[in-house]
Each structure stands twice: as structure tokens, then as C-alpha cells.
Amino acid sequence: MNQYKLPDLPYDYGALEPHVSGKIMELHHDKHHAGYVNGANAALERLDEARTKEQFDRIPALERSLAFNLSGHILHSIFWRNLSPQGGGEPTGELKAALERDFGGFAAFRRQLNEVAGSIMGSGWAALVWEPLGARLLITQIYDHQSNLNQSGVPLLVLDAWEHAYYLQYQNRKAEFFGACWNVFNWPDVARRFEAARKLRLDAA
Ligand code: MN
């Protein structure tokens, strides 16, 4: 039962150079992301097996593994499409207006996202999410792939702050990597996700 599949990158490995090296993209996609896909499928298979064999004491560890690996798969799938060789610049239209309303403008939003990415202790992500209960944008600092989440937040733009995302090229200068990502952020992709997320409705209790 292979439920999840590694998606192809929507561009060549070297397409984001000089901002992100082709070697990083190749390893990051073919090894790291593939590992999360395999891990999610393995966790699902083992959950099936544990139910069938009535080994329910295995369930908690498998749920942790599923949360970690599936979240890793989902975040990387979004991240590749959040980047584009034709990226950079600033968002327009309703996304621009929402960033102004909820963060006080693009420049302040950018500083907050960079601060969130740069201050992660260990491994994690910075993410711009749409929070449908409050009908607003938020930034979340995600620990690993799955912790410290706002539960209803729909990720629109994610920034990988794991060392594997930058170390080969930027070593310890992670702020330079986060800065470089703004040259390749794919705002039309973020805007498309924003438009879809806003159709979600969560009724208040
Ligand atoms: Mn990663």
C-alpha cells in the first residue's frame, strides 16, 4: 500500500542557482524528501499490520513516525512549488492586501518570517499560514516538521530551516540562505494557495 509518492521537482536541480545550488536541490529532493515519503508509507503499512495482529502497543510510536514523515512530505511538496527560477519580487492583489492588514506590510512580514526561520533551535520551518477560524494570516515556527503548529493553519509559504537545506552551500550562514530564498519565492503559487485556503470555513464553537 503505497499511498504517498515523491513528486518531481517542477524545474531542473540547478534552476535556482546561484540562490540554491543544484547539488543541494538534488540531495534535498532525491534523498531527504524521498526518505519522508518512504517513512510515511512505512508507518501506514506498520499501522495496518499492528491493527491486524492486534499489537496495539506499537501504535503510539507509529503515530509519531507518521506525523513526522507525512508532515515532512507535505512541507517539502509545498516548498518546491513555493520556489521558482522566475520568482522573487513581491506579491500583488489580495495577498498583498492581506499581508498589509495582518502584518503591517510586506517589509514587516519579511522581517518576521526571517526572524522566525533564523531563531529555530534545532530543525524546523517558518511558515505563512491561513488560519480560517480567525480568517487571517499567521506565521508559525514549526519544530521538526510537525510540532508547535496552529492546528487549523493552512500552509501557503514554507521556508525550510533544517541544516540540510543550506549547509553544503552556506555552511553556518543560514541568514544568507533565508535572504536568498526571497529571490526565488514564487508569489503566484503562494497567491493560488491563498485563494484556495480562503474557501475553507471553520465555524466557531
Ligand atoms: Mn528539508
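Quick note: structure is the one above.
Here's a quick rundown of the structure. Since the structure is predicted, the reported quantities are computational estimates derived from the model, not experimental observations.

### Describing the overall build of the chain
- In terms of regular secondary structure, the chain is built from seven helices and three strands.
- From first element to last, N terminus to C terminus, the chain shows the α and β order α-α-α-α-β-β-β-α-α-α.
- Over its C-alpha trace the chain gives a radius of gyration of 18 Å, about what one expects of a compact globule, namely 17 Å for 205 residues.
- Considering only C-alpha atoms, the chain reaches an extent of 55 × 50 × 30 Å along its principal axes.
- Taking all 205 residues of the chain together, the buried fraction comes to 44%.
- Nonlocal contacts in the chain, meaning residues at least 24 apart in sequence, comprise 69% of its contacts between residues at least 6 apart.
- When the accessible surface of the chain is totalled, it reaches about 10,700 Å², and 49% of it is carbon and sulfur.
- For the chain, the separation between the mean place of its 21 positive charges and that of its 24 negative charges on side chains is 2 Å.

### Some points on the packing of aromatic side chains
- Under the definition given, this model contains 20 aromatic pairs.
- Taking 5.8 Å as the distance between ring centres and 75 degrees as the angle between the ring planes, the aromatic pair formed by Phe-109 and Trp-182 counts as edge-to-face. Of the two residues, Phe-109 sits in helix 4 (residues 106–118) while Trp-182 sits in the loop between helix 6 (174–181) and helix 7 (187–197), which places them 73 residues apart along the sequence. An identical accessibility class is assigned to Phe-109 and Trp-182; each is buried.
- For the pair Tyr-170 and Phe-177, a centre-to-centre distance of 5.8 Å together with 55 degrees between the ring planes defines the contact as tilted. The burial state of Tyr-170 is the same as that of Phe-177; both residues are buried.
- An aromatic cluster is built from Phe-103, Phe-106, Phe-109, Trp-182, Phe-185 and Trp-187, whose rings are joined through pairwise contacts.

### Regarding the coordination of the manganese ion
- Surrounding the manganese ion are the protein donor atoms His-28 (NE2), His-76 (NE2), Asp-160 (OD) and His-164 (NE2), at 1.9 to 2.1 Å.
- Considered as a linear motif, the donors of the manganese ion on their single chain read H-x47-H-x83-D-x3-H. Per residue, the accessibility class of Asp-160 equals that of His-164, and both read buried.

### Section: the pattern of salt bridges
- A complete count under the given rule lists eight salt bridges for this structure.
- Put simply, Asp-102 and Arg-101 hold a salt bridge, and the shortest N to O gap is 2.9 Å.
- On the basis of relative accessible area, Asp-102 is assigned to the buried category, the value being 15%.
- Of the residues examined, Arg-101 reaches a relative accessible area of 54% and is grouped as exposed.
- The shortest N-O distance in the salt bridge between Glu-176 and Arg-173 comes to 3.0 Å.
- Residue Glu-176 is classed as partly exposed on the basis of its relative accessible area, which comes to 43%.
- Classification of Arg-173 as partly exposed rests on a relative accessible area of 35%.
- Three or more residues are tied together by salt bridges with common partners; here these are Asp-189, Arg-192 and Arg-193.

### Comments concerning the nonpolar core
- Counting residues in each nonpolar core, the largest one holds 51 residues, and the members touching the most others are Phe-109, Leu-128, Leu-137, Leu-159, Phe-177 and Trp-187.
- The element best represented in this core is strand 1 (residues 124–131), accounting for six residues.
- Built from parts of two domains, this core gets at least three residues from each of domain 1 (21–82) and domain 2 (93–197).
- Excluding its chain neighbours within four sequence positions, the residues that come into contact with Phe-177 are Val-20, Phe-79, Leu-159, Asp-160, Ala-165, Tyr-166 and Tyr-170.
- One finds Leu-47, Ala-50, Ile-59 and Leu-62 within the second-largest nonpolar core, a separate group that totals nine residues.

### Points about empty space enclosed by the protein
- Inspection of the entire model under this criterion finds one cavity of 30 Å³ or more.
- Contributions of two or more residues to the lining of the largest cavity are made by helix 1 (22–52) and helix 2 (59–82).
- Per element, the largest residue contribution to the lining of the largest cavity is three residues, and it comes from helix 1.

Calculation rules
All residue numbers here refer to positions counted from 1 along the written sequence of the relevant chain. Given that this is a predicted model, residues contribute local features only at a pLDDT of at least 70 and side-chain atom pairs are listed and counted only at 80 or more, while totals for whole chains, interfaces and linings are drawn from all residues. Note that the side-chain values use all heavy atoms of the structure and ignore hydrogens as well as water. Put simply, DSSP marks the helices as runs of H or I at least four residues long and the strands as runs of E at least two long, and each gets a number from the N terminus on. C-alpha atoms define the radius of gyration in this analysis, and the globule rule sets the expected value at 2.2 Å times the number of residues to the power 0.38. Classification of residues uses two cut-offs on accessible area relative to the type maximum, computed with a 1.4 Å probe and protein chains only: under 20% is buried, over 50% is exposed, and between them is partly exposed. Residue contacts are counted whenever heavy atoms from the two residues lie within 4.5 Å of one another. Residue-level accessible areas treat just the shown protein chains as cover; the underlying method is Shrake-Rupley with a 1.4 Å probe. Under the counting rule used here, the positive set is Lys and Arg, the negative set is Asp and Glu, and His together with the chain ends is not counted. By convention, the point assigned to a charge is CZ for Arg, NZ for Lys, CD for Glu and CG for Asp. Only rings of Phe, Tyr and Trp enter the pairing, Trp through its six-membered ring, and a pair is recorded when the two centres are within 6.5 Å. The plane angle decides the type: under 30 degrees is stacked, over 60 is edge-to-face, the rest tilted. Metal donors: N, O and S atoms at distances within 2.8 Å, or within 3.2 Å for Na, K and Ca, with water omitted from the atom set so that some sites may seem incomplete. Each salt bridge in this description consists of a side-chain nitrogen of Lys or Arg and a carboxyl oxygen of Asp or Glu lying within 4 Å of one another. Take the buried residues of types Ala, Val, Leu, Ile, Met, Phe, Trp, Tyr and Cys, join any two whose side-chain atoms come within 4.5 Å, and each joined set is a nonpolar core. For the purposes of this description, domain bounds are those given by an automatic or database domain assignment. The definitions used throughout rest on a 1 Å grid laid over the protein atoms alone, on which a cavity is an enclosed set of points accommodating a 1.4 Å probe that cannot get out and a pocket is an open set flanked by protein within 12 Å on both sides along at least five of seven lines; lining residues are those having an atom within 4 Å of a point. Grid points are joined across faces, edges and corners, and a volume is the space filled by probe spheres set on the points.

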